[in-house]
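Single-letter residue listing:
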Amino acid sequence: MSTTDFTIYGASDDLIEIEASDGRADEYDCYDERGHISLTSPDGDRLDVFLSYGPSVMRHADTSMEWTIAVAALHGYPSWPVRFTERPDREGDPAVIITAPEGTTFKYLGGEGK
């Protein structure tokens, strides 16, 4: 089965970026809200990625702002590999790479978590 890697990360303080290994890419403005991207395969399997920019949850004494990324299986449990890593070209910023079946689409659902 052919697959596509989707790399998803936050950029600056108000953009969510998604890059697919097949050349598709997009960015979404999510200033002051949590962003939600849905990946859906041709057979209907789906994973949801939530990103938010805010105070660091890991550094209690630090007031720095950071991106937080979460992956959820809200509609079943596809067996897609999920890897957390660093954002391309930005050491220290988080990113997630999801390997999904070829033909998987992505959609930005805003901050509602639909």
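Right above here is the structure, for reference.
A. Structural view of the environment of Trp 80. Along the polypeptide, Trp 80 turns up in the loop between β6 (65-72) and β7 (82-87). A relative accessible area of 10% places Trp 80 in the buried class. Sequence spacing of Trp 80 and Asp 45 is 35 residues, and the spatial spacing of their C-alpha atoms is 9.6 Å. Among residues more than four places away in sequence, those in contact with Trp 80 are Leu 39, Ser 41, Asp 45, Arg 46, Leu 47, Ile 98, Thr 99, Ala 100, Pro 101 and Thr 104.

B. Representation of the sheet that holds strand β4 (residues 35-40). Strand order in the open sheet formed by 4 strands is β6-β5-β4-β9, and the pairing between neighbours is antiparallel. Both outer strands of the open sheet, β6 and β9 (105-110), are each paired with one neighbouring strand and no more. Averaged over all pairs of adjacent strands, the angle between their axes in this sheet comes to 20°, without regard to strand direction.

C. Representation of the side chain of Arg 46. As for its position among the elements, Arg 46 is in strand β5 (residues 46-55). Of the residues examined, Arg 46 reaches a relative accessible area of 16% and is grouped as buried. Within the structure, Arg 46 has its side chain in polar contact with the side chain of Ser 38 (distance 2.9 Å). Of note is the side chain of Arg 46, whose polar atom sits 2.9 Å from the side chain of Asp 48.

D. Looking closely at the pattern of salt bridges. The final tally for this structure, using the stated rule, is 4 salt bridges. When the shortest N-O distance is used, the salt bridge between Arg 24 and Asp 22 registers 2.9 Å. Given the relative accessible area of 44%, Asp 22 is considered partly exposed. When the shortest N-O distance is used, the salt bridge between Asp 48 and Arg 46 registers 2.9 Å. Like Arg 46, Asp 48 is buried.

E. Quick look at the sheet that holds strand β3 (residues 25-29). Spatial ordering of the open sheet is given by β3-β2-β1-β8-β7, a layout of 5 strands whose pairing is antiparallel. The open sheet has two free edges, formed respectively by β3 and β7, since each of these has just one partner strand. Ignoring strand direction, the axes of neighbouring strands in this sheet form an average angle of 25°. Note that strand β1 (residues 3-11) and strand β8 (residues 90-101) share 7 bridges and pair antiparallel. Counterpart to Thr 3 in the pairing with β8 is Pro 101.

Calculation criteria
Residues numbered from 1 in each chain as written. Predicted model: local features only at pLDDT ≥ 70, side-chain atom pairs only at ≥ 80, totals over all residues. Heavy atoms only, no water. Helix = DSSP H or I, 4+ residues; strand = E, 2+ residues; numbered from the N terminus. Buried < 20%, exposed > 50% of the residue type's maximum accessible area, 1.4 Å probe, protein only. Contact = heavy atoms within 4.5 Å. Pairing = 2+ DSSP bridges. Axes fitted to C-alpha atoms, helices over the stretch in contact; angles between N-to-C directions. Polar contact = N/O pair within 3.5 Å; in protein donor to acceptor, adjacent residues only side chain to side chain. Salt bridge = Lys/Arg side-chain N within 4 Å of Asp/Glu carboxyl O.

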